[in-house]
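Survey of secondary and tertiary structure
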Amino acid sequence: MKLENIPITWHFCEFYGEPNVYKRRLTWDMLEHLRIVYEGPWLVIGDFNEILSQNDKNKSGYRNETQIEDFRSTLELCALHPLHYKGERYTWAKSADNESIKERLDWAMVNEAWEDSFSYTSLTHLDYYHSDHRALLVKIKNETDQQKGSNKRKRFGFENIWIGDEECKSLFNEDHIWCTSNDAIETLGCPDLLRFFQVRALRMRWQECQILSSHQGNGIMK
């Protein structure tokens, strides 16, 4: 897509997750395929029919952790993370009264190329407007290069020099540092959840570099 007032080409995907749990893997596969096709800034908005943690619902009923982890793994593979939101947390309600079952099923996801390209993106959870799902409002802004340079958040990345640092080796091998347990994830707020996805991607990069370094040391790589 390309808007008249934004001179950047980007991809927009309106997504709908399969409501049948046993068929949901098909929609995750489709999203992973789009990851291969799309290059550059990517925005995905829609009803994913899935939560990222048990805290994304207002009732104590247990959601199968396997299907939640499938969702997280798909986002990790696609290098997508949720936008921070304004407004009420839950985006879906089974009924209109105060005792209704509410969950956060609707998401707006972006990749790092999106954040590198746009200086400002906001997500607001609006009202239901006679639906059982809230409307999502995403606003984007692309400032001049000079403004972007002064306000832009520094990109979160991996430094190859860390591979040879003994302290880093110790840190990267401690599982509790990475907040990979489901119990730990439940305590995360939205900004921390974003950091969680960044850190998981960082660990994958660390493991790839370890393998590459090992192969080079053994003379396998040419």
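If you're wondering where the values come from, they're calculated on a predicted model, not measured in any experiment.

This paragraph deals with helix H1 (residues 24–37). Structural remark: α-helix, 3.6 residues per turn; residues separated by three or four positions point the same way. For H1, which comprises 14 residues, the first-to-last C-alpha distance of 21 Å matches the rise-based estimate of 20 Å (1.5 Å per residue) to within 8%. Turning to H1, its buried residues are Arg24, Thr27, Trp28, Leu31, Glu32 and Leu34. For H1, the angular spread of the buried residues around the axis is 155°, confining them to a single face. Relative to its buried face, H1 has exposed residues pointing more than 90 degrees away, namely Leu26 and Ile36. Against the buried residues of H1 lie strand E1 (11–16), strand E2 (42–47) and helix H2 (65–77).

To continue, consider the environment of Asn55. In this structure, Asn55 sits in the loop between E2 and H2. As for Asn55 and Arg89, which are separated by 34 residues in sequence, their C-alpha atoms are 9.9 Å apart.

What follows covers the packing of H1 against H2. Contact geometry for H1 and H2: axes closest at 9 Å, N-to-C directions at 10°. As far as their axial angle goes, H2 and H1 are roughly parallel. Judged by residue contacts, Arg24, Arg25, Trp28, Leu31, Glu32 and Arg35 of H1 engage Gln67, Asp70, Phe71, Thr74 and Leu77 from H2. A class-by-class count of the residues in the contact of H1 with H2 yields four nonpolar, two polar and five charged.

Attention now goes to the pattern of salt bridges. Inspection of the entire model under this criterion finds seven salt bridges. The partner of Glu32 in a salt bridge is Arg25, with the nearest N and O atoms 2.6 Å apart. Look at Arg25 and you get partly exposed, because its relative accessible area is 32%. A salt bridge links Arg89 to Asp56, with the shortest nitrogen-to-oxygen separation between them at 2.7 Å. With Arg89 in the loop between strand E4 (85–86) and strand E5 (92–93) and Asp56 in the loop between E2 and H2, the pair connects residues that are 33 residues apart, well separated along the chain. Salt bridges linked by common partners bring Arg24, Glu50, Arg63 and Glu103 together as one network.

Rules of the game
- Residues numbered from 1 in each chain as written.
- Predicted model: local features only at pLDDT ≥ 70, side-chain atom pairs only at ≥ 80, totals over all residues.
- Heavy atoms only, no water.
- Helix = DSSP H or I, 4+ residues; strand = E, 2+ residues; numbered from the N terminus.
- Expected span 1.5 Å × (residues − 1).
- Buried < 20%, exposed > 50% of the residue type's maximum accessible area, 1.4 Å probe, protein only.
- Arc of directions from axis to C-beta.
- Contact = heavy atoms within 4.5 Å.
- Axes fitted to C-alpha atoms, helices over the stretch in contact; angles between N-to-C directions.
- Parallel < 35°, antiparallel > 145°, perpendicular 65-115°, else oblique.
- Nonpolar A, V, L, I, M, F, W, Y, C, P; charged D, E, K, R; others polar.
- Salt bridge = Lys/Arg side-chain N within 4 Å of Asp/Glu carboxyl O.

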